[in-house]
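What follows is the residue order along each chain.
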Amino acid sequence: MTVLAYLLELIDIKSVLLFLSIFLLLFDYIKSKPPKDFPPGPRSLPFIGHLHHLRDFSKAHLQFAKFAEEYGQIFSIRLFGARLVVLNGHKVVREVYVNQGENFADRPSIPLFADIVGDKGLVASNGYAWKQQRRFALHTLRNFGLGKRSLEPSILQECRYLNEAFSNEQGKSFNPQWLINNAVSNIISVLVFGDRFEYTNDDFQSLLKNINAAIILEADIWAQLYNMFPWLLRRVPGPHRKLLSIWDKVITFVRGKIEDHQTDYDPSDPRDYIDCFLGEMEKWKDDDAAGFNLENLCYCTLDLFVAGTETTYTTLYWGLLYMIKYPEIQRKVQEEIDRVVGSSRQPSVADRENMPYTDAVIHETQRFGDIIPLNLARIASKDTQVGDYIIPKGTMVMGTLNSILFDEMEWETPYTFNPGHFLDAEGKFRRKEAFLPFSMGKRVCLGEQLARMELFLFLTSLLQRFSFSAPDGVEPSLDAKAGSTQAPKPYRLCATSR
Ligand code: HEM
C-alpha cells in the first residue's frame, strides 16, 4: 500500500469537507471583518454578504431606505464580494460628493461592466484618461450645440416627426414607448453618429429593444451573482450570457459606425463626435494615457449613445404617464402652452422662463420618476473621515439619489406627484437644492443640459398638439418595471389631436 493510499484510508471525505468548510468560513470572516470606525450595517451571511436582501436589484433602494432607518444615514453592507458604504439624504450625499468630492471622483471596477467595457469610455474610466475624455466630450458636444441654441432646430425637427407618428395612431390606444425611445435616441445619434434613424428602421428598433432588455437583465439576480463570483459565472451558461451577447451586438453596431466614418472622414469638415475624435487622435498620438485611440472611441461613443438614450426616454415615458394619471395637471400645462406659445409656432427653449408651471411639472417628473435611484457607484481614492466614520481607500460608495429625491427634510409631500414643490406662493418657479436627478460633484451627469433641453421641447411639443388620456376603463398604474434604471411598466394611451 502506498503512503498516499494509506493516508486516504485514514481521512474520509466527510472530514475533508468539514475541514474545508471551516477553513472557508474562517477566511470569509477575517476578510469581511470591518475596519475600525467603519459605518455600521446589518449582519451579513457568509460568502454572499447581503445578496439575499437584494435578489431584485431594481428594488434595492427600498431595502436601503429600511437599512437607513435602522443603522443611520451612513451604513455599510457587503455586496459584490466587497464592502459598500451607502449614503442617504441630501446633506450626507452633498458632504461626500461635493465637499469631499476630490476623494470620491473615481469609479469602482464592477466585474460585469469591467468584462464589457473594461476601464475605458466615459462612465467607467478614471484618472487622467477620464479627465481628458470628459473634457473633450463636453467641449465637442458644446461645439455641436449642447447648451446652445444651435441644437434646438434639430430637436424641434425630431419633435415634428414624433408628433406625426403619434398622429398616425388616429386617437386609438397605443404604447408610445418605442416611438419616444427612437425619437430621443435620434438626438444623441445626430450628435455622435451624424445621423437619425427612421422609426420604421427595424434594425435600429431591434437595437433599442436589445438595450432595453439588457437594462432589465442588469438588475437580475444572475447579474449580481456574476459580480460576486465572476470567475465561476464566466464559465457557466445562464441569462447573463444573453446580457453579454446584447452588449456585444451594441458594441459591434458602434464599431460599424466608426468604420463608416473612417472611410469618408474629412479632417477639414468634422460632422459629429466621432469625426472630432478621429481628428483628436492625431493630436494626441504621443500621449497614450489620454485614451485617444480607436478602442476608446468605441467605448466613449457607446457611453454617450446609451446614457443619452435610455435616461431621457425613460423620463419622457414617465412624463406622459403622469399626464394621463393626473389630467388636471395636464390641462394646466396645456393652458400655459396655449398662453405663452400659442398654436401657430413650435415651443422654444426661450419660452421656458415664461412657463413656470410646465417647468415645475418637468422637474417633478424627474424627481418622482427617480429613474436612477441608486446613482452610479464611486470609490474612495483616500481614507476619508465622514461624520463619525472613516471610509478607507478603495471602499465602494453609493450616494443614493432616491434618498435625496424623497428626502422628508427637503420635500413637503415627497410621496405625492406635486409640481408645487417647484413653485412659490406667486406661482413662480423656485429652484430646489435637493433636485439632483443628475447627481452632483465631479462625476455629475455630462448630458444634463442636453437632457433638460430635450425634456422641455419634446413634452411641450407633444402637449401643444395632443391631449393624452388612458384607454377607456383603464386606471394608469405608476408601478415601475424591473431594471437597472427605473422605468414605468409598459402602458397604453390615446393621443387626441387638439
Ligand atoms: C434625464 C436624463 C438623464 C439623467 C437623469 C442622467 C443621470 C445621470 C447620473 C445620475 C449620472 C451619474 C453621476 C454620478 O456618478 O454622480 C450620470 C452620468 C453620466 N451621464 Fe447622464 N443622465 C441623463 C442624461 C444624459 C444624457 C442625455 C447624456 C449624453 C450626453 C448623459 C451622459 C452621461 C455620462 C457620459 C455620464 C458619466 C459621467 C462621468 O462618469 O464622468 N446623460 N447621468
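The following refers to the structure shown. Note that the coordinates shown come from a computational prediction; the quantities given were computed from them, not determined experimentally. (Residues numbered from 1 in each chain as written. Predicted model: local features only at pLDDT ≥ 70, side-chain atom pairs only at ≥ 80, totals over all residues. Heavy atoms only, no water.)

The subject of this paragraph is the packing of helix 15 (residues 327-340) against helix 16 (residues 356-369). With their axes 8 Å apart at the nearest point, helix 15 and helix 16 run at an angle of 140° to one another. Relative to helix 16, helix 15 is oriented oblique. With respect to the hand of their crossing, helix 15 and helix 16 are arranged in left-handed fashion. Of the residues in helix 16, those in contact with Ile329, Lys332, Val333 and Glu336 of helix 15 are Pro356, Tyr357, Thr358 and Val361. A class-by-class count of the residues in the contact of helix 15 with helix 16 yields five nonpolar, one polar and two charged. (Axes fitted to C-alpha atoms, helices over the stretch in contact; angles between N-to-C directions. Helix = DSSP H or I, 4+ residues; strand = E, 2+ residues; numbered from the N terminus. Parallel < 35°, antiparallel > 145°, perpendicular 65-115°, else oblique. Left-handed = near helix turned anticlockwise from the far one by under 90°. Contact = heavy atoms within 4.5 Å. Nonpolar A, V, L, I, M, F, W, Y, C, P; charged D, E, K, R; others polar.)

Among all positions in helix 4 (residues 90-99), only His90, Val92, Val93, Val96 and Tyr97 are buried. Axial view of helix 4: buried residues confined to an arc of 165°, hence all on one face. Facing away from the buried side of helix 4, by more than 90 degrees, are the exposed residues Lys91 and Asn99. Here the buried face of helix 4 lies against strand 1 (74-79), strand 2 (82-87), strand 4 (378-379), strand 5 (384-386), strand 7 (396-399) and helix 17 (402-405). (Buried < 20%, exposed > 50% of the residue type's maximum accessible area, 1.4 Å probe, protein only. Arc of directions from axis to C-beta.)

Quick look at the coordination of the iron atom of the ligand now. In ideal tetrahedral geometry, four donors around a metal make angles of 109.5 degrees, whereas ideal octahedral geometry with six donors gives angles of 90 or 180 degrees. Among protein atoms, the single one acting as a donor to the iron atom of the ligand is Cys445 (SG), 2.3 Å away. Structurally, Cys445 is set in the loop between helix 17 and helix 18 (448-465). (Donors = N, O, S within 2.8 Å, 3.2 Å for Na, K, Ca; no water.)

Let us now look at the packing of helix 12 (residues 239-263) against helix 14 (residues 294-325). A pair of packed helices is captured by two measures, namely the crossing angle of their axes and the spacing between those axes. Where helix 12 contacts helix 14, the two axes come as close as 9 Å, and the packing angle between them is 115°. Helix 12 and helix 14 meet at a crossing whose hand is right-handed. Each of Trp247, Val250, Ile251, Phe253, Val254, Arg255, Ile258 and Gln262 in helix 12 lies in contact with helix 14, whose residues at this interface are Leu294, Glu295, Leu297, Cys298, Tyr299, Thr301, Leu302, Phe305 and Val306. The residue makeup of the contact of helix 12 with helix 14, split by class, is 13 nonpolar, two polar and two charged.

Take helix 13 (residues 273-283) next. A turn of α-helix holds 3.6 residues, and therefore any two residues three or four places apart point the same way. All of the buried residues along helix 13 are Tyr273, Ile274, Asp275, Cys276, Phe277, Leu278 and Glu280. Where helix 13 is buried, its residues contact helix 6 (127-143), helix 8 (177-193), helix 12 and helix 14. The N-terminus of helix 13 is capped by Asp272, whose side-chain oxygen sits 3.2 Å from the backbone nitrogen of Ile274. (Polar contact = N/O pair within 3.5 Å; in protein donor to acceptor, adjacent residues only side chain to side chain.)

In this section: the site of the ligand. Contacts to the ligand come from 26 residues, most closely from Arg107, Arg134, Arg378, Ser439 and Cys445. Within the side chain of Ser439, an N or O atom sits 2.6 Å from an oxygen atom of the ligand. Of all the secondary structure elements, the ones that give two or more residues to the shell around the ligand are helix 6 and helix 14. The element that contributes the greatest number of residues to the shell around the ligand is helix 14, accounting for five residues. (Near = heavy atom within 4 Å.)

Across two bridges, the pairing between strand 3 (residues 173-174) and strand 11 (residues 493-497) is antiparallel. Directly across from Phe174, in strand 11, lies its bridge partner Leu493. Pairing of strand 8 (residues 466-469) with strand 11, which is carried by four bridges, proceeds in the antiparallel orientation. Each bridged residue has a counterpart across the sheet, and for Ser467 the counterpart in strand 11 is Thr496. (Pairing = 2+ DSSP bridges.)

Glancing now at the sheet that holds strand 4. What the four strands build is an open sheet, ordered 1-2-7-4; its pairing is mixed. In this open sheet, the two edge strands, each paired with only one partner strand, are strand 1 and strand 4. In terms of strand pairing, strand 4 meets strand 7 through two bridges, oriented antiparallel. Following the sheet pairing, Ile379 is matched in strand 7 by Met396. Contacting strand 1, strand 2 and strand 7, helix 3 (residues 60-71) runs over the sheet at an angle of about 130° to strand 1.

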